[in-house]
Amino acid sequence: APVVTLQTPQTFYDTETVTLSATATDADGHSMNYSWVGATDYGYELTGETSLELSFGPASATGSPYVFQFTATDELGKQTSTFVQVNIIHNTAPVANAGDDQTVAPGASVTLTGSGSDTTDNHALTKYEWTVPAGITLTGGTDVNSAELQFAAPAVSSLTTYTFSLVVTDEFGAVSVADEVSVTVNPAPTAVATGPSEVWSGATGVTLDGTGSSDPD
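Residues numbered from 1 in each chain as written. Predicted model: local features only at pLDDT ≥ 70, side-chain atom pairs only at ≥ 80, totals over all residues. Heavy atoms only, no water.

Draft legend 1. Region of the structure containing the pairing of strand β8 (residues 79-89). Bridge count for strand β2 (residues 10-13) against β8 is four bridges, and the pairing is parallel. Following the sheet pairing, Thr-11 is matched in β8 by Asn-87. Direction of pairing for strand β7 (residues 66-74) relative to β8: antiparallel, over a ladder of eight bridges. Considered in β8, the bridge of Phe-68 is made with Val-84. (Pairing = 2+ DSSP bridges. Helix = DSSP H or I, 4+ residues; strand = E, 2+ residues; numbered from the N terminus.)

Draft legend 2. Spatial organisation of the side chain of Asp-74. With respect to the secondary-structure elements, Asp-74 resides in strand β7. With no salt bridge to any partner, buried Asp-74 finds its closest opposite charge in Lys-78, at an N-O distance of 5.7 Å. Among the polar contacts listed, one links the side chain of Asp-74 to the backbone nitrogen of Leu-76, at a separation of 2.9 Å. (Buried < 20%, exposed > 50% of the residue type's maximum accessible area, 1.4 Å probe, protein only. Lys, Arg positive; Asp, Glu negative; His and termini not counted. Salt bridge = Lys/Arg side-chain N within 4 Å of Asp/Glu carboxyl O. Polar contact = N/O pair within 3.5 Å; in protein donor to acceptor, adjacent residues only side chain to side chain.)

Draft legend 3. Quick look at the sheet that holds strand β10 (residues 102-104). Read from one edge of the open sheet, four strands run β10-β16-β15-β13, paired in mixed fashion. In the strand order of this sheet, the two ends are held by β10 and β13 (125-131), each with one partner. The average angle at which neighbouring strand axes cross in this sheet is 25°, direction not considered. In the sheet, strand β15 (residues 160-170) pairs with strand β16 (residues 179-185) via seven bridges, with the strands oriented antiparallel. The residue of β16 that forms the bridge with Thr-163 is Ser-182. (Axes fitted to C-alpha atoms, helices over the stretch in contact; angles between N-to-C directions.)

Draft legend 4. Seen up close, the packing of aromatic side chains. The full count for this structure, using the stated rule, is ten aromatic pairs. Seen in terms of ring centroids, Tyr-34 and Phe-70 are 6.0 Å apart; in terms of plane orientation they differ by 20°. Their pairing is stacked. In this pair, Tyr-34 sits in strand β5 (residues 32-38) while Phe-70 sits in strand β7, placing the two residues 36 residues apart along the sequence. Members of the aromatic cluster, joined through ring pairs, are Tyr-42, Tyr-44, Phe-56, Tyr-66 and Phe-68. (Phe/Tyr/Trp six-rings, centres within 6.5 Å; stacked < 30°, edge-to-face > 60°.)

Draft legend 5. Inspection of unusual backbone geometry at higher detail. At the junction of Thr-8 and Pro-9, the peptide bond is cis and its omega measures out at -5° in the coordinates. Topologically, Pro-9 is positioned in the loop between β1 (3-5) and β2. With an omega dihedral of 5°, the bond running from Ser-64 to Pro-65 counts as a cis peptide bond. For Pro-65, the location among the structural elements is in the loop between β6 (53-56) and β7.

If you want it as C-alpha cells, here you go:
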C-alpha cells in the first residue's frame, strides 16, 4: 500500500489561502491516484482535490477547525489515508498613517510620508497603496505603491484642497482602513497699486491706491 505523509495540525490566518501539501510513495512503483475530502461541506471552492496539493479560502476563523482526509490509491486498489486538522486564526488588520495635513504655495515641492503599524500581530507590512487625486503628477521616482509620495503643488487660481488616501497590507494579506491626508494649495494674493507714474521733486499730497489688490481666498 502507498505510504503517505501529511503534517497535522496546520495553522493559517483568515486572510491567506490555505494550502495543504501531502507526499505519497509506493514501494512497488505503482502509479497512484489522490483524493481530498472534507469532514463536511465547508462551503469553500476546493482546488486540487485529486492532486497532492489542496488549496481553498481564505477561510473563516469562526468555522475553525477544518478537517480533511487525504487518500492515495495505487493501481491495484490498495489505499492509505490520513487526516489533517486546519486551524484558522484571525489576522488583525494593520493601521495606516498617511501623515499630517499641509498647506503650501503653488509650485512648492511636497512630500507625503506614509507609514503603517501592526501592533497586534507584529506582522511585516508588504504593500502600500495610495489613491492620488486628479491634477497631481508624482515626481522623484515615487508612485502609488511607494511609502513616500513627491509632487509639485499645481498652479491654482483659488484655495484648492487635494485629498490623498493610503492603505497598507501586511504579509498575510490583512488590509488596513484607508487613512486620508489633505494638501491645500494657497495661491498668493495679487498686489495692484495705482497712482501717478512720476511726480515733481518736493510735491505733496501724492496718493497711491492699493484697493485693486486681491486675494483669491
